[in-house]
Amino acid sequence: MDKQKIKPLDEERESRSLLSNAVVILHLVFGTLPLLLVVWAVDRLMSGTLTSTMIWIVGAAMVLFTLLRGMFYGMSIWRAHRSAYNALTRLRLRIVSHLQRLPLGFFQERKVGDLVNIINHDVEQIEIYLAHGLPEILSATLFPALLWVIVMVLDWRLGLSLISLLPLAFLLQMAVKTLWGKSFQHFMESTQKMSEDLLEYVATIPVIKAFSHEETRTERVLGNMRDYIRWVKRSMFSVTVPMTLITMFLEGGIVVMTLVGLWLMSSGELTVARFILALILDGLFSSAFAKLATFQHFRIVYGQSLAKVQSITEVSAKDTADRDTDTMQTDVSFEHVTFAYPNKQDSALCNVCLQFPKGSHTAIVGESGSGKSTLASLMMGFWQPQSGTVRLGGESLAELSERNIADFFSMVQQEVFLFNTSIRDNIRIGKPSATQEEVEMAARRARIHDFIVGLPNGYDTSAGEAGVKFSGGEKQRISIARMLLKDSPIVILDEATAALDGENEKLIQEALDELQRNKTVITIAHRLNTIQEVERIVVMDKGQVVATGTHGELMDNCPLYRNMTETQERVSKWQLKEEEV
Ligand SMILES: Nc1ncnc2c1ncn2[C@@H]1O[C@H](COP(=O)(O)OP(=O)(O)OP(=O)(O)O)[C@@H](O)[C@H]1O
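None of the values given here were measured: they were computed from a predicted structure.

Enquirer: Help me out: how do you make sense of the overall build of the chain in this one?
Expert: Scanning the chain from N- to C-terminus turns up 21 helices and 10 strands. Each of the 581 residues in the chain was classed as buried or not, and the buried ones make up 45%. With the model as given, the accessible surface of the chain reaches about 30300 Å², and the carbon-plus-sulfur share is 60%.

Enquirer: Hey, could you run me through the UniProt feature "transmembrane region" (unreviewed entry) in the chain in this one?
Expert: The UniProt record marks residues 21–42, 54–72, 137–154, 160–180, 236–265 and 271–290 with the feature "transmembrane region" (unreviewed entry), using the residue numbering of this structure. Annotated as 100% helix and 0% strand, the span residues 54–72 places its first and last C-alpha atoms 26 Å apart. Helix makes up 95% of residues 271–290 and strand 0%, whereas the separation of the span's terminal C-alpha atoms amounts to 29 Å.

Enquirer: Any chance you could explain the sheet that holds strand E4 (residues 387–392) here in plain terms?
Expert: Paired through backbone hydrogen bonds, the strands of a sheet run either parallel or antiparallel to each other. Taken in spatial order, the 4 strands make up an open sheet running E2-E1-E4-E5, and their pairing is antiparallel. Looking at which strands have only one partner, the edges of the open sheet turn out to be strand E2 (349–356) and strand E5 (395–396). Taken together, the 5 bridges between strand E1 (residues 332–339) and E2 define a ladder with antiparallel strand orientation. Within E2, the residue paired with Val332 across the bridge is Phe356.

Enquirer: Mind showing me how you'd approach the site of the ligand here?
Expert: Near the ligand, the surroundings consist of 14 residues, among which Ser368, Gly369, Lys372, Ser373 and Thr374 are the closest. At 3.4 Å from a nitrogen atom of the ligand is found a side-chain nitrogen or oxygen belonging to Tyr341. Within the contact set of the ligand, an oxygen atom lies 3.1 Å away from a backbone nitrogen or oxygen of Gly371. The fraction of the free accessible surface of the ligand (630 Å²) that becomes covered by protein chains is 66%. Every element with two or more residues in the shell around the ligand is listed here: helix H5 (104–109) and helix H13 (372–379). Here the shell around the ligand takes 3 residues from H13, the largest share from any one element. Per-class residue counts for the shell around the ligand are 2 nonpolar, 8 polar and 4 charged.

Enquirer: So what exactly am I meant to see when it comes to the pattern of salt bridges here?
Expert: Side chains that differ in sign of charge can pair as their charged atoms come close. Inspection of every chain in the model, using the stated rule, returns 16 salt bridges. Across the pair Arg157 and Glu269 runs a salt bridge, and its minimum N-O distance is 2.5 Å. Remark: Glu269 occurs in the loop between helix H10 (214–266) and helix H11 (272–294) and Arg157 occurs in helix H7 (residues 156–162); sequence separation between them is 112 residues. Using a relative accessible area of 42% as the deciding quantity, one classes Glu269 as partly exposed. Of the charged contacts in the structure, one is a salt bridge between Lys431 and Glu438, with a shortest N-O distance of 2.7 Å. Glu438 gets classed as partly exposed once you look at its relative accessible area, which sits at 29%. Beyond isolated ion pairs, a larger network of salt bridges with shared partners links Asp155, Arg157 and Glu269.

Enquirer: Help me understand the side chain of Glu127 in this model?
Expert: Among the structural elements, Glu127 can be located in helix H6 (residues 112–154). The residues contacting Glu127, other than those within four sequence positions of it, are His81, Ala84, Tyr85, Leu88 and His132.

Enquirer: Explanation requested: the nonpolar core in the structure shown.
Expert: Buried together is how nonpolar side chains tend to be arranged in soluble globular proteins. With 53 residues, the main nonpolar core has Ile95 and Ile312 as its most contacted residues. Sorting the residues of this core by element identifies helix H3 (18–46), helix H4 (52–101), H6, H7, helix H8 (166–203), H10, H11 and helix H12 (296–313) as the ones contributing at least two each. Per-element tally for this core: the top contributor is H6, with 16 residues. Filtering out sequence-adjacent residues up to four positions away, Ile312 remains in contact with Ile95, His98, Leu99, Leu102, Phe106, Arg110, Leu115 and Ile118.

Enquirer: Would you mind going over the environment of Phe334 with me for this structure?
Expert: In this structure, Phe334 sits in strand E1. The class for Phe334 is buried, based on a relative accessible area of 1%. When the C-alpha positions of Phe334 and Val390 are compared, they lie 4.7 Å apart, and in sequence the two are 56 residues distant. Apart from residues lying up to four places away in sequence, Phe334 is in contact with Val352, Cys353, Leu354, Phe356, Leu375, Leu378, Met379, Thr389 and Val390.

Enquirer: What is the right way to look at the packing of aromatic side chains in this model?
Expert: When we look at a pair of aromatic rings, we describe it by the centre distance and by the angle of the planes. Taken as a whole and assessed by the stated rule, the structure comprises 10 aromatic pairs. Each ring, one from Phe106 and one from Phe107, has its centre 5.2 Å from the other, and the planes form 85 degrees; the classification is edge-to-face. Note on Phe107: relative accessible area 32%, which makes it partly exposed. Ring centres 4.0 Å apart and planes at 20 degrees place the aromatic pair Tyr129 and Tyr302 in the stacked group. With Tyr129 in helix H6 and Tyr302 in helix H12, this pair connects stretches of sequence that are 173 residues apart. Here the aromatic cluster, defined as three or more aromatic residues joined through ring pairs, consists of Phe30, Phe65 and Phe72. Between the NZ or CZ atom of Arg536 and the centre of the ring of Phe356, over which it lies, the distance is 5.5 Å.

Enquirer: Sorry, what's going on with the sheet that holds strand E8 (residues 520–524) here?
Expert: Spatial strand order, E6-E7-E8-E3-E9-E10: 6 strands in an open sheet with mixed pairing. The outermost strands of the open sheet, each flanked by one partner alone, are strand E6 (409–412) and strand E10 (544–549). Here the average twist between neighbouring strands, direction ignored, is 20 degrees. In this structure, strand E7 (residues 490–494) lies alongside E8, joined through 5 bridges in parallel fashion. The residue of E8 that forms the bridge with Asp494 is Ile524.

Enquirer: What should I look at first to understand the packing of helix H16 (residues 436–445) against helix H18 (residues 472–486) in this one?
Expert: Between two packed helices, what matters for the description is the angle formed by their axes and the separation of those axes. Axis separation between H16 and H18 bottoms out at 8 Å; the angle between their running directions is 125 degrees. When the interaxial angle is binned, H16 and H18 end up oblique. In terms of crossing hand, the pair formed by H16 and H18 is right-handed. Contacts between H16 and H18 involve Glu438, Val439, Ala442, Ala443 and Arg445 from the former and Ala481, Leu484 and Leu485 from the latter. The residue inventory of the contact of H16 with H18, partitioned by class, reads 6 nonpolar, no polar and 2 charged.

The rules we used
- Residues numbered from 1 in each chain as written.
- Predicted model: local features only at pLDDT ≥ 70, side-chain atom pairs only at ≥ 80, totals over all residues.
- Heavy atoms only, no water.
- Helix = DSSP H or I, 4+ residues; strand = E, 2+ residues; numbered from the N terminus.
- Buried < 20%, exposed > 50% of the residue type's maximum accessible area, 1.4 Å probe, protein only.
- Areas by Shrake-Rupley, 256 points an atom, 1.4 Å probe, with all protein chains shown as cover.
- UniProt positions renumbered as here; feature names shortened; annotations may be inferred.
- Pairing = 2+ DSSP bridges.
- Near = heavy atom within 4 Å.
- Polar contact = N/O pair within 3.5 Å; in protein donor to acceptor, adjacent residues only side chain to side chain.
- Nonpolar A, V, L, I, M, F, W, Y, C, P; charged D, E, K, R; others polar.
- Salt bridge = Lys/Arg side-chain N within 4 Å of Asp/Glu carboxyl O.
- Contact = heavy atoms within 4.5 Å.
- Core = buried A, V, L, I, M, F, W, Y, C linked by side-chain atoms within 4.5 Å.
- Phe/Tyr/Trp six-rings, centres within 6.5 Å; stacked < 30°, edge-to-face > 60°.
- Lys NZ or Arg CZ within 6 Å of the ring centre and 35° of its normal.
- Axes fitted to C-alpha atoms, helices over the stretch in contact; angles between N-to-C directions.
- Parallel < 35°, antiparallel > 145°, perpendicular 65-115°, else oblique.
- Left-handed = near helix turned anticlockwise from the far one by under 90°.

Right under this line is the structure:
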């Protein structure tokens, strides 16, 4: 893992203060002191100098040490959890506030399930490491070290024989580290895949049912779950087998120490009492050491989760400060703009030069995939071009904050999202300080007021997932009311009325007319018959602007436009005939 990359999260990692470490150490010291007392008492016993007062003192001291040990253990767990949960909350807040500052392009690239998984699962893994892993690793390192020192004090030859096989255990651990890393990575990937799939599955159940694809989709989700189980088993296997071997090497140390101890006793250099004590300490030493090896996986999972978190926190956010834009002009211009989506070879826009003067109305047309939506995305600063400049009122978009840019645009899309709050608040998103009168005025202009007052709770009716279900047209008009309230100078219409019928289309068209009044309007058009009156039409093909002009001019001079118009006319005539039949 790249040390440089971990750095930004050090503050989370360092949240376990010195005091927490001191508490862990005290817990260990009071856990080891009773053993030292036993060594001392047995020594006295063997030399015939142990008095009954000494036994009472030893007993009382052992009770005290045990109590203190318990107390410090409780404190260490409590402190570790507290600081870990603090770190966890800070980290989640940090991710969420960073997400808010990331360009919209980032969200088009990353899956929702992946992001949710990072905020939930990976941050949780970091907590597990901070709250459980770190204290356990610290105590599992210090405890065997203390035990070993005691054995060394008993007899240095026993001490050395105890650790004689340790280098082999370390070598093995180093060797399997990479293997563990890989298998844990697969495990994490399959966890992510599973949660992404589950999220998509739940969100798209209506579509799946409509197309009777339940079985195939369900089978795919179940397949990913099976994959997950397979990797859980594999990663557990990859831990247990080397762990068994490491434990065997550690226990091998006991065998070596026993042989050395027997030899020392036979030559009269070691007492039986010391030998038995050394054996007891050795047992504790091996099991504490074996525990340390198991904790290796905490570190691996932590490293991988940290990398995932950093895949969000290290994406640079646009830090341009907001500025007063009231006096700015609102002309938009594209100057030799070339743009390709990340990880794509072909440019979605190629050397585009266009002007959208203040108050003008432009329609963008072109075959599917010609770059119409990309043009709108760049205009709103969702993506930065690789070369060329997009300007808003003469200022490069790169110099403006997201909020500044957002203030200039309203985008009417087919897909409308309503929040789980009242209709009033849903409209007020356009201008949080708006009064009830202003909200109602916007709703009237968006031709939705009468509908809202007809609802049981009027403007207090809850919208969104948990609230009343609205038709596509009603949602659309609520979103137009929102934009009327926002009153931004540039309106982008992304084929807003495509899928609507008679009455709905009429009402929406009226609402849209209100929205477009005195604005710069850019229509991304798919149906050419709706834009024939527009003052300027831009024809795009394969990311390039191939012609601009009025409908008449383009019919005369642009074969692509003429072709598209004639094809659409043929299709609509054919549809009319079908309807007549
Ligand atoms: N998020 C994305 N990531 C990668 N490539 C993309 C992305 N969005 C669009 N593209 C690609 O960029 C090119 C232009 O797409 P764009 O959506 O701008 O075309 P469009 O003219 O709006 O198409 P349509 O009329 O079908 O909506 C296409 O080749 C498309 O596959």
